[in-house]
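# Results of the structural survey
The chain contents come next:
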Number of protein chains: 2
Amino acid sequence: MRALLTDRYELAMLAAYHRSGLAERRAACELFLRSLPPCRPFVVVAGIERAIRALLELRFEEEDLAYLAEAPGLAHLGGGFLELLRGLRFRGDLFAMPEGTVAFPGEPILRIEAALPEAQLVETLLLSIVNHDTRVASKAARIALAAGGRPVIEFGSRRTHEAAAVDAARAAYVGGCAGTSNEEAGRRYGVPVSGTLGHMFILAHGPSGEERAFGDYVATFPEGTTLLVDTFDTELGIERAIAAAGERLEGVRIDSGDLVALSRRARERLDAQGLRSAKIVLSGDLNEYSIEKLLAAGASADAFGVGTEIVTSPDMPALGGVYKLVAVEGPGGAMRPVAKRSPGKATVPGAKQVYRREDGAGRALGDEVALADEAPRQGRPILEKRIERGALVGAWPPLVAARERAAREIVALPPRLRAIVGGDRDPYPVERSERLEALFQEAMRGGNP
Amino acid sequence: MRALLTDRYELAMLAAYHRSGLAERRAACELFLRSLPPCRPFVVVAGIERAIRALLELRFEEEDLAYLAEAPGLAHLGGGFLELLRGLRFRGDLFAMPEGTVAFPGEPILRIEAALPEAQLVETLLLSIVNHDTRVASKAARIALAAGGRPVIEFGSRRTHEAAAVDAARAAYVGGCAGTSNEEAGRRYGVPVSGTLGHMFILAHGPSGEERAFGDYVATFPEGTTLLVDTFDTELGIERAIAAAGERLEGVRIDSGDLVALSRRARERLDAQGLRSAKIVLSGDLNEYSIEKLLAAGASADAFGVGTEIVTSPDMPALGGVYKLVAVEGPGGAMRPVAKRSPGKATVPGAKQVYRREDGAGRALGDEVALADEAPRQGRPILEKRIERGALVGAWPPLVAARERAAREIVALPPRLRAIVGGDRDPYPVERSERLEALFQEAMRGGNP
């Protein structure tokens, strides 16, 4: 089924490559960002393992072929076209940055090397997966930075598509969230799942039923519960939570009102009752900016719940990753670098590798983008071969490895890039190797690179 | 599987309702918008048929139960809890606005009446579906309005999650797009699918291969093709497209550069060659504002391709639909209206119906929100019963009926609401019935409604 998760034009071009006699030619395509907005001095790469799985499982099912046989605009291509699709598998190579890598504009996040029709067909699906997951992981990373080590729980499922929600929870975890509310993300990916009670449970006990609601909830979760205290009157809710749970009160969640004043009041009351280890969880349309402000204003917060802002990232609602042909096999069999010169949309030709220079303490100093076939440059090469001739290279890494990589690489960044405001003023240095730069200049002059 | 597409707290509350002895109590919950930003004077409701299907198919699979049996935080609930979940089905009623309805803040888009645990569990899934689809349909409606009858093709799959892309294509079609690039949306929902060629196909023919690429493409799609002309030099690309396709040139697509000047030049050259019926398709980060400006500046456009802006709607990245308990069965068996009084998040108690007053020509004059059990108000009642005791009421309407309803209801709106800028200055009138208003005021005073 997954092969139909694509744009019509990929299928149309696939047919035309066969008509052109180009179907056996090998192509190299790279997925990269042209630029980033000031609010994202870096991204955290996510979705790579999902993309690998999609490539390994890529195929047209019989129901897809039955649909395509009748589809207006494609039906005239006939049985030969359907036979091509029936036999189609991804038989190429994939080179990719490991999930959790910190990346910058101009760097290939992944590269496909495959026969032209295969390299073309997978464009839409790879972009959907990597753009979505990387966007969410990158926003989560910023919010986790603002929280300064306090756990951030992602609970945005209700603000995004129900299937996107599961993968958003996964990406947010890679980016630095401590967990999610999404239960399926726990089952499918092992992301830690948590949750408390909602306002509805309290309302269901009637307008004066908050005490009974708390009591019933504590009885159901006797090993420790976090209670939501703002349904009617937050200060009263705090007292009732203390009365209902006592020593077993793991924490209180405040979702509305003056979070600074209410959280300080909650801390005061909890401490007065000897509940020093009870946590205060704040939520309610939070993001990295409001969390930074809450903490600066003296809010007493031990954890944050963030929904909408992680799954939609309103300050960068789409990640503009693109997937471009960078080299194609010429009639003589040699790979020939190619570039697009459209105004504002020019590309850099040639298959590339990224090298990250680090100091003795592992701090990132700068990246160099070079041609994949030139002599290794200074620094650590980042892209790894993950699929070879259609087969997985090595094992599936555990998700937590991606999360740990992201944490490590974010700490290794120059401190200015981790600032919530102003992190874009002095961008991270990314340079092209001399050979790559020469090739790019030649292509832009309209030469035959 | 779908039952696990939920937040942990829904499952926790479900368990606590049983512990509370409230599991048999009937509840009414409504999904509605609290407010809309100025850039959305109305929304187009979408996702209803998907929500219905989700309710009808709701269940926990054995693999879900095996996961929950071991899930930290839930495992202590034991076998009794798992048995409850194994037998859980949606056995309640659903009342909903038909898909394609134009709606406003304060109006219930749908209402669930079911036993408390069922009504609670479906909260997250219903919000995910309706918030996502309605957000996309509403943005698509605005873009289609700006295009003034010219077809708009949605092609944003690469800027959203791969599964969300399919349902975004469906929702955009409901909202007014003429079609999509997403092939799976064609198979699954019958949305018209179209596409041309991409820059990669041209680059694959080498830096001087545009003419050959066009020739090969026309040969593959001899019944008429639209050619993308901006890969190298747009004016030259137009000439080459005319030369390659001649009479069979259905159109040209321009994706970069000065769209006003280039589209006028393209029209001039096409007309000079007698290709008056060849269409000019414009694309490249367009939205309702830029389309309005392009047309005002004299661009020669017959159709638009819009991707990112439809699937992400950056001016309203999340639709803030909420799902709230509005009534619950009391100990005596009678339904008792309830409301939440949290600051800024208060709700209006009671199960509701929406009545739309129209003039003789079908123009919408204003809406009244009333209690579902009060005598019918003036106007056309909008919410319909779609599920009764867990079973579908009536048949599945075809998707095109939703699209036609949206078109009809948008035309029936006061013209100021259809303006791209300033449509929020004089909002559409939505009033509460006297009885509903009295109940709301009583609840806000803290009385026992």
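Residues numbered from 1 in each chain as written. Chains lettered and ligands numbered in written order. Predicted model: local features only at pLDDT ≥ 70, side-chain atom pairs only at ≥ 80, totals over all residues. Heavy atoms only, no water.

### Some words on the confidence of the model for chain A
- Per-residue confidence for chain A averages 95 on the pLDDT scale, and 99% of its residues sit at or above 70.
- In the predicted assembly, ipTM is 0.97 and pTM is 0.97. (pLDDT = per-residue confidence, 0-100.)

### A closer look at the pairing of strand β1 (residues 26-33) of chain A
All names here are of chain A.
- Counted residue by residue, β1 has seven buried out of eight residues, so it is predominantly covered.
- Bridging between β1 and strand β5 (residues 110-115) involves six bridges; their strand directions are antiparallel. Residue pairing across strands places leucine 31 opposite leucine 110, the latter belonging to β5.
- As defined by bridge partners, β1 adjoins strand β12 (residues 321-329) across seven bridges and the pair is classed as antiparallel. Residue leucine 31 lies in a different strand from β12, and its bridge partner there is tyrosine 323. (Buried < 20%, exposed > 50% of the residue type's maximum accessible area, 1.4 Å probe, protein only. Helix = DSSP H or I, 4+ residues; strand = E, 2+ residues; numbered from the N terminus. Pairing = 2+ DSSP bridges.)

### A word on the relation of the copies chain A and chain B
- Of the two same-sequence chains, chain A is brought onto chain B (RMSD 0.0 Å, axial shift 0.0 Å) by a rotation of 180°. Such a turn and shift between the copies fits a two-fold axis.
- In this assembly the copies share their binding face: 100% of the residues contributing to the interface of chain A also contribute to that of chain B. (Least-squares fit on C-alpha atoms with pLDDT ≥ 70 in both. Contact = heavy atoms within 4.5 Å.)

### Description of the side chain of lysine 352 of chain A
- Residue position: lysine 352 of chain A is located in strand β14 (residues 352-358).
- Not counting residues up to four positions away in its chain, the partners in contact with lysine 352 of chain A are Glu30, Pro108, Arg111, Val326, Val369, Ala370, Leu371, Ala372 and Leu436 of chain A.

### Quick word on the interface of chain A and chain B
- Listed as interface residues are 105 residues of chain A and, on the opposing side, 105 residues of chain B.
- Together, Arg158, Glu183 and Met200 of chain A form the three largest contributors to the area buried by chain A at its contact with chain B, with a combined 10%.
- For the pair chain A and chain B, the interface holds 16 salt bridges.
- Salt-bridge contacts for glutamate 162 of chain B lead to arginine 50 of chain A; the nearest nitrogen and oxygen are separated by 2.6 Å. (Buried area = accessible area lost by both parts, 1.4 Å probe. Salt bridge = Lys/Arg side-chain N within 4 Å of Asp/Glu carboxyl O.)

### Observations concerning the packing of helix α3 (residues 62-70) of chain A against helix α4 (residues 78-87) of chain A
All names here are of chain A.
- Orientation of α3 relative to α4, taken along the N-to-C sense of each, is 160°, at an axis distance of 10 Å. One way to sum up the angle between α3 and α4 is to call them roughly antiparallel. The handedness of the crossing between α3 and α4 is right-handed. Only Leu82, Leu85 and Arg86 of α4 make contact with α3, whose side of the interface consists of Glu62, Leu65, Leu68 and Ala69. (Axes fitted to C-alpha atoms, helices over the stretch in contact; angles between N-to-C directions. Parallel < 35°, antiparallel > 145°, perpendicular 65-115°, else oblique. Left-handed = near helix turned anticlockwise from the far one by under 90°.)

### Some remarks on empty space enclosed by the protein
- A full pass over the atoms with the stated rule returns four cavities of 30 Å³ or more.
- Each pocket or cavity is described by its volume, and for the largest cavity that value is around 130 Å³.
- Forming the walls of the largest cavity are 16 residues, and the residues nearest its centre are Arg135, Thr160 and Val311 of chain A together with Arg135 and Val311 of chain B.
- Among the residues forming the lining of the largest cavity, the class breakdown is six nonpolar, six polar and four charged. (1 Å grid on protein atoms, 1.4 Å probe; cavity = no way out; pocket = protein on both sides within 12 Å on 5 of 7 lines; lining within 4 Å. Points joined across faces, edges and corners; volume = space filled by probe spheres on them. Nonpolar A, V, L, I, M, F, W, Y, C, P; charged D, E, K, R; others polar.)

### As for the packing of aromatic side chains
- Under the definition given, this model contains eight aromatic pairs over all chains.
- Aromatic side chains phenylalanine 104 of chain A and tyrosine 428 of chain A sit 4.1 Å apart centroid to centroid with 10° between the ring planes, which places their arrangement in the stacked category. Of this pair, phenylalanine 104 of chain A sits in the loop between β4 (102-103) and β5 while tyrosine 428 of chain A sits in the loop between α15 (399-411) and β19 (430-432), and the two are 324 residues apart along the sequence.
- Residue classification places phenylalanine 104 of chain A among the buried residues on the basis of a relative accessible area of 3%.
- Seen from their ring centres, phenylalanine 201 of chain B and tyrosine 217 of chain B are 5.8 Å apart, and the 65° between their planes marks the pair as edge-to-face. Highlighted residues: phenylalanine 201 of chain B in helix α9 (residues 199-204) and tyrosine 217 of chain B in helix α10 (residues 210-220), separated in sequence by 16 residues.
- Judged by its relative accessible area of 0%, phenylalanine 201 of chain B is buried.
- These aromatic residues form a ring-pair network of at least three members: Tyr17 of chain A together with Phe201, Tyr217 and Phe221 of chain B.
- Just above the ring of tryptophan 396 of chain B sits the side chain of arginine 53 of chain B; from NZ or CZ to the centre is 4.3 Å. (Phe/Tyr/Trp six-rings, centres within 6.5 Å; stacked < 30°, edge-to-face > 60°. Lys NZ or Arg CZ within 6 Å of the ring centre and 35° of its normal.)

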